[in-house]
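# Results of the structural survey
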Amino acid sequence: MIDFDKIAKYSKAGPRYTSYPTAIEFHDGFTHLDYQKALQDSNHSNLPLSLYFHLPFCRSACYFCGCNVIYTSQEEKKAQYIVYLQKELELLKRHLDTKREVIQLHFGGGTPTFFNADELARIIELIKETFTNFSTQAEVSCEIDPRFFNTQQMQVLSNGGFNRVSFGVQDFDERVQNAIHRIQSVELVENAVKIARDAGIKSINFDLITGLPYQTLESFLQTLQKVIKLSPDRLAIFNYAHLPWLKKTMRKIDETTLPTPKEKLKILQETIELLDQNHYKLIGMDHFAKQEDELYIAKQKGELRRNFQGYTTRGFSQTIGIGLTSIGEGENYYAQNHKEMKAYTQALDEGILPTSKGIWLTQEDRLRKEVIMQIMNNLSIEYTQIEQKFHINFQEHFASSLQALKQYQEIGLIQFHDNGFRATPTGGILIRNIAMEFDPYLAKIRKDTFSKTL
């Protein structure tokens, strides 16, 4: 029996660890010249490429959203943005060997399907003209708002090699939808799923969010029952990050209507149990997959990887972030594009990469990144695996971190063994807390920078 009161007290602000070091550590001392060098240096490696395109436009605000978006109804803004994507791709070709194998492509937003079929076709055409060596096994995916999706768009995506789609569902409860300014019926989502299935898409993900206003255990379980009937292959169930001091639209949400950490814990526990009964298994921190899905199979093999797009079955690749605010990742760096459209377009007009900031990773950063990502990916650590790769004694190097983990051992969240430790099923819910014990940067970061872990 889980003591929810005891576990809920561990809810505190912390990173989601889509990167390490986190984006808070990126700085403007890392310039477009640094990124240029990083790209050129990477051409000597055999690393495959992962491409992330940020398509930032939305018609209107969803109050829960923490993404970098631009709200507009002006069609010309989208056309102009495609022109600048082309400029960025042309610049990348000068510094990056774009004949390297591409194993992953992802369209994120914003609302990628706010672009119409012809616009999507043009973007895909530009990508294929630039990157000419797509793996036959490449994971090619697009985030989709079911409210902005039609057969023509799906056909363009299918023709472009897209084999995965992710629908933003969030919650089916009418009261919750009104509170977050995101109205979409079960029938609308069902039709979107049919469009994708009819086009031959065999991997469909739903994004859901726990911790939304007016959400209760009963209401969310009803949402899950409706989701299960639609039979997505994967589910990403995120904890709502309420950061009204960072996102103005979140100020429209009445904080008194948000579930407490104890209530969210109960929702999470019941969610895991219901999904498990319906053959969806917990993957990493917040993803679920059917047992026949390659995400689940990769989890069993210890081959998961976490990046800015979530969990993936592909091994480590060099991520090239393209478009406004996109983040790129290499073995020893992170680089982020400008967040403001004016700065982004100005850089490209001047013929330079639109790099706003980034960071070179030290050897210690790379070590701790490996540890934290192993925890986030596989909910466990094997000491010898890290020791062989980095030539350290794990228990000596991380003595203070291991000491700090004993509090989680005492309440049954992790179990130690001779060669490492593993999170228990309940510990998986607080895996961010466990990873945080290996992050020395947190000591100097303001506590209101991150969302709560519960």
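Because the structure is a prediction, the values reported are computed rather than measured.

Our next topic: the sheet that holds strand β18 (residues 414–417). Sheet strands pair via backbone hydrogen bonds, and the direction of the pair is either parallel or antiparallel. Spatially, β17-β19-β18 is the arrangement adopted by the 3 strands of the open sheet, whose pairing is antiparallel. Each edge of the sheet is formed by a strand with only one pairing partner; in this case those strands are β17 (380–382) and β18. Adjacent strand axes in the sheet meet at a mean angle of 20 degrees, parallel and antiparallel pairs treated alike. By the bridge criterion, 3 bridges tie β17 to strand β19 (residues 420–423) in an arrangement that is antiparallel. Directly across from S380, in β19, lies its bridge partner R422.

Right, let's talk about unusual backbone geometry for a bit. Y20 connects to P21 through a cis peptide bond whose omega is -10 degrees. Mapped onto the elements, P21 comes out in the loop between α1 (4–8) and α2 (32–42). The step from G109 to G110 runs through a cis peptide bond, and the omega angle for that step is 15 degrees. Tracing the backbone shows G110 in the loop between β4 (102–109) and α4 (117–130). Of note in this structure, Y17 is not a glycine but carries a positive phi near 55 degrees. Tracing the backbone shows Y17 in the loop between α1 and α2. With a phi close to 60 degrees, L379 is a non-glycine residue in the positive phi region.

Mapped onto this numbering, the UniProt entry gives "domain: Radical SAM core" (unreviewed entry) at residues 43–278. Helix makes up 40% of residues 43–278 and strand 22%. Its end C-alpha atoms lie 45 Å apart.

Tallied over the entire structure, the rule returns 0 disulfides. Cysteine C62 is unpaired, with the sulfur of C65 as its nearest cysteine sulfur at 6.5 Å. The class of C62 is buried, set by a relative accessible area of 8%. Not part of a disulfide, C67 finds its nearest cysteine sulfur in C65, a span of 3.7 Å. Overall, C67 belongs to the partly exposed group, its relative accessible area being 37%.

Parameters at a glance
Residues numbered from 1 in each chain as written. Predicted model: local features only at pLDDT ≥ 70, side-chain atom pairs only at ≥ 80, totals over all residues. Heavy atoms only, no water. Pairing = 2+ DSSP bridges. Helix = DSSP H or I, 4+ residues; strand = E, 2+ residues; numbered from the N terminus. Axes fitted to C-alpha atoms, helices over the stretch in contact; angles between N-to-C directions. UniProt positions renumbered as here; feature names shortened; annotations may be inferred. Disulfide = S-S within 2.5 Å. Buried < 20%, exposed > 50% of the residue type's maximum accessible area, 1.4 Å probe, protein only.

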